Amino acid sequence: MNPDIRSLVAVTRSLEQAGIRYSLGGSGLMLSLGLTDTVGDWDVMVEAPLEQVKHALQHEQIEEITSGDYPFGTDYKLVVHCDAPQVEIIGGLSIYSSGGLCKLPSIPSSSWNGIQVGSPEVWYVAYALMNRSAKAAILLSYLKEVGANKDILIRLMKEPLPDTIMEEIRLQIET
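None of the values given here were measured: they were computed from a predicted structure.

Caption draft 1: Main features of the side chain of Ser 27. For Ser 27, the position within the fold is in helix α2 (residues 26-32). Once residues within four sequence positions are removed from consideration, Ser 27 is found in contact with Thr 36, Thr 38, Val 39, Gly 40, Asp 41, Tyr 127 and Lys 135.

Caption draft 2: Representation of helix α5 (residues 133-146) in the model. Spanning 14 residues, α5 covers 20 Å between terminal C-alpha atoms, matching the ideal 20 Å at 1.5 Å per step. Taken as a whole, α5 has its buried residues at Ala 136, Leu 139, Leu 140, Tyr 142 and Leu 143. All buried residues of α5 fall inside an arc of 160° around its axis, so they share one side. Turned more than 90 degrees from where α5 packs its buried face, Ser 133, Ala 134, Lys 144 and Glu 145 sit exposed. Looking at the buried positions of α5, the neighbouring elements they touch are α2, α4 (120-129) and α7 (163-174). With its phi angle positive at about 95°, Gly 147 sits one or two positions after the end of α5.

Caption draft 3: Up close: α4. Among the ten residues that make up α4, nine are buried, leaving the element largely enclosed by the rest of the structure. Turning to α4, its buried residues are Pro 120, Glu 121, Val 122, Trp 123, Tyr 124, Val 125, Ala 126, Tyr 127 and Leu 129.

Caption draft 4: Focus on the layout of surface pockets. Taken as a whole, the largest pocket spans an internal volume of roughly 270 Å³. Together, 17 residues line the largest pocket, and Asp 43, Lys 77, Glu 88, Met 130 and Arg 132 are the ones closest to its centre. For the lining of the largest pocket, the secondary structure elements donating two or more residues are β5 (87-91) and α4. Grouping the amino acids of the lining of the largest pocket by side-chain chemistry returns six nonpolar, five polar and six charged.

Cut-offs used in this document
Residues numbered from 1 in each chain as written. Predicted model: local features only at pLDDT ≥ 70, side-chain atom pairs only at ≥ 80, totals over all residues. Heavy atoms only, no water. Helix = DSSP H or I, 4+ residues; strand = E, 2+ residues; numbered from the N terminus. Contact = heavy atoms within 4.5 Å. Expected span 1.5 Å × (residues − 1). Buried < 20%, exposed > 50% of the residue type's maximum accessible area, 1.4 Å probe, protein only. Arc of directions from axis to C-beta. 1 Å grid on protein atoms, 1.4 Å probe; cavity = no way out; pocket = protein on both sides within 12 Å on 5 of 7 lines; lining within 4 Å. Points joined across faces, edges and corners; volume = space filled by probe spheres on them. Nonpolar A, V, L, I, M, F, W, Y, C, P; charged D, E, K, R; others polar.

Written as structure tokens, this is what we have:
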């Protein structure tokens, strides 16, 4: 069964109309790639200031929530109250590693149903940093199969990533 994307489309249209760049991540990204058939929520990454995003979504019922305990260092998180699956806006996704705060960019890399989908490279790193090893492994396998975007990997290598993740990135760059 395909998850309902109507609320996601409404939110992304509002962001687009306000000129806010976004990208779909998490299980929504994996769904768009055919790597899962379930979505708990729609994770939409943005790098715009909180007030600009709130203004763009002024016609939606939104709530600012805690972006999570350590290891999360995300700037802000908004939940758009609508039918399940709900839409979560993640402002400035950041996750702490043993080396410091890793800032994970919102990089649109494809389009799915008119929605800008984020980078599987970024979400491989995000899931690895969150210790969600099953999802990280699925994305890494996908990247090995289709080829990774080396420019995105080089950008990610500037973050204080753990050696294990850094080594996987290096291997992808060399192939």
